[in-house]
Amino acid sequence: MISKKLFSAVLATLVILSIVAGSTGAFAQTQTTTTAPEGQTIIQTAASETNFSTLMGLLKVANLTDTLNGTVNYTLFAPSNAAFDKIPSSTLANLANNTTALRRVLLYHVVPGTLLSNDIKGNGTFTTANGLSLPYSVTSTAVTVDNASITKTDINATNGVIHVIDSVMIPPANATAAATASATAGSTGGAGGGGRRE
């Protein structure tokens with residue numbers, strides 16, 4: 001017959017194990033970091049996600065795939081297909097037929113350096129790959145860049161990181177480059193507001 005002391009000890013152990021298991025499960029559910037398959041660049045990672053098919057098509061048209069497929073680190077705020085669906089098809093067609101305008105829009109989504117979610121704090125601006133100022137804001141409920149909300153963070157790649165956003169960001173028509181920045185030249189540039197170089 002099991003003594004009361006032994007029974008109490010076993011019961012206490014079971015309770016502790018239950019608490020630990022519950023805590024581990026809760027911790028796992030809060031993680032947003034996704035590691036790309038080993039050896040995959042930003043472009044390779046995006047190409048493997050069907051949710052980025054529109055973005056990938058436009059990056060090819062704009063001749064930016066090599067930029068995001070190299071060894072220089074970038075942060076890509078990547079609009080999902082649903083984000084592009086918000087834009088009239090005629091507007092997308094016009095962009096696809098105007099490489100200069102298309103590159104301006106797409107590079108507005110790229111910040112030199114690897115900028116993880118925990119690097120984005122408060123309010124401020126980042127300097128994009130084409131030298132424009134990209135505003136961001138962090139509240140208790142959302143992280144926004146320009147007019148877009150980040151819906152998934154920290155999709156890690158070998159040459160940077162991807163954050164998924166729910167809207168396509170259009171730079172202001174009168175925005176001018178704060179400093180000379182050329183993504184195609186492979187410049188790492190300085191990302192404002194907490195950007196980090198690797």
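Values in this document were obtained by computation on a predicted structure and should not be read as measured data.

Novice: Lay out the overall build of the protein in plain terms, naming residues and giving numbers.
Specialist: When you go through the protein residue by residue, the secondary structure sums to 6 helices and 8 strands. Mapped in sequence order, the helices and strands of the protein form the string α-β-α-α-β-α-α-α-β-β-β-β-β-β. When contacts within the protein are restricted to residue pairs at least 6 apart in sequence, long-range pairs at least 24 apart make up 68% of them. Summed over its atoms, the accessible surface of the protein is roughly 10600 Å², and 57% of this surface lies on carbon and sulfur atoms.

Novice: Before we move on, can you summarise the pairing of strand 2 (residues 74-79) with the specific residues and values?
Specialist: Of all 6 residues in strand 2, 6 are buried, a share of seventy percent or more. Both faces of strand 2 are covered, namely the face carrying Tyr-74, Leu-76 and Ala-78 and the face carrying Thr-75, Phe-77 and Pro-79. The pairing of strand 2 with strand 3 (residues 110-112) spans 3 bridges and is antiparallel. Opposite Tyr-74, over in strand 3, you have Pro-112 as the bridge partner. Sheet topology places strand 2 next to strand 8 (residues 160-165); 6 bridges connect them, and they run parallel. Across the sheet, residue Leu-76 finds its bridge partner in strand 8, namely Ile-162.

Novice: Hey, could you go over the pairing of strand 4 (residues 123-127) for me, with residue numbers and the actual values?
Specialist: Pairing between strand 4 and strand 5 (residues 133-138): 5 bridges, direction antiparallel. Bridge pairing in strand 5 links Thr-125 to Pro-135. Linking strand 4 to strand 5, which pair antiparallel, is a turn of 5 residues; within it Gly-131 sits at a positive phi near 80 degrees.

Novice: Can you break down unusual backbone geometry residue by residue, with the values?
Specialist: Here Asn-63, not a glycine, exhibits a phi torsion of approximately 60 degrees, which is positive. Take Asn-63: it is sitting in the loop between helix 3 (53-61) and strand 2. The backbone of Asp-146 shows a phi angle near 55 degrees, a positive value even though the residue is not glycine. Here Asp-146 is to be found in the loop between strand 6 (143-145) and strand 7 (148-157). For Asp-146, a relative accessible area of 28% translates into the label partly exposed.

Novice: I'd like a description of the side chain of Asn-81, backed by residues and values.
Specialist: Secondary-structure assignment places Asn-81 in helix 4 (residues 81-85). Take Asn-81: its relative accessible area is 18%, and that puts it in the buried class. A polar side-chain atom of Asn-81 sits 3.0 Å from a polar atom in the side chain of Ser-53. At 3.1 Å, the side chain of Asn-81 forms a polar contact with the backbone nitrogen of Thr-54. Contact partners of Asn-81, with chain neighbours within four places excluded, come to Thr-50, Asn-51, Phe-52, Ser-53 and Thr-54.

Novice: Tell me about the packing of helix 3 against helix 6 (residues 99-107), residues and numbers included.
Specialist: Contact pair helix 3 / helix 6: the axes reach a minimum separation of 9 Å and the direction vectors enclose 130 degrees. One element, helix 3, and the other, helix 6, form an angle in the oblique class. In this structure, helix 3 crosses over helix 6, and the sense of that crossing is left-handed. Contacts between helix 3 and helix 6 involve Leu-55, Leu-58, Leu-59 and Val-61 from the first element and Thr-99, Leu-102 and Leu-106 from the second. Partitioned by chemical class, the residues of the contact of helix 3 with helix 6 number 6 nonpolar, 1 polar and no charged.

Parameters at a glance
Residues numbered from 1 in each chain as written. Predicted model: local features only at pLDDT ≥ 70, side-chain atom pairs only at ≥ 80, totals over all residues. Heavy atoms only, no water. Helix = DSSP H or I, 4+ residues; strand = E, 2+ residues; numbered from the N terminus. Contact = heavy atoms within 4.5 Å. Areas by Shrake-Rupley, 256 points an atom, 1.4 Å probe, with all protein chains shown as cover. Buried < 20%, exposed > 50% of the residue type's maximum accessible area, 1.4 Å probe, protein only. Pairing = 2+ DSSP bridges. Polar contact = N/O pair within 3.5 Å; in protein donor to acceptor, adjacent residues only side chain to side chain. Axes fitted to C-alpha atoms, helices over the stretch in contact; angles between N-to-C directions. Parallel < 35°, antiparallel > 145°, perpendicular 65-115°, else oblique. Left-handed = near helix turned anticlockwise from the far one by under 90°. Nonpolar A, V, L, I, M, F, W, Y, C, P; charged D, E, K, R; others polar.

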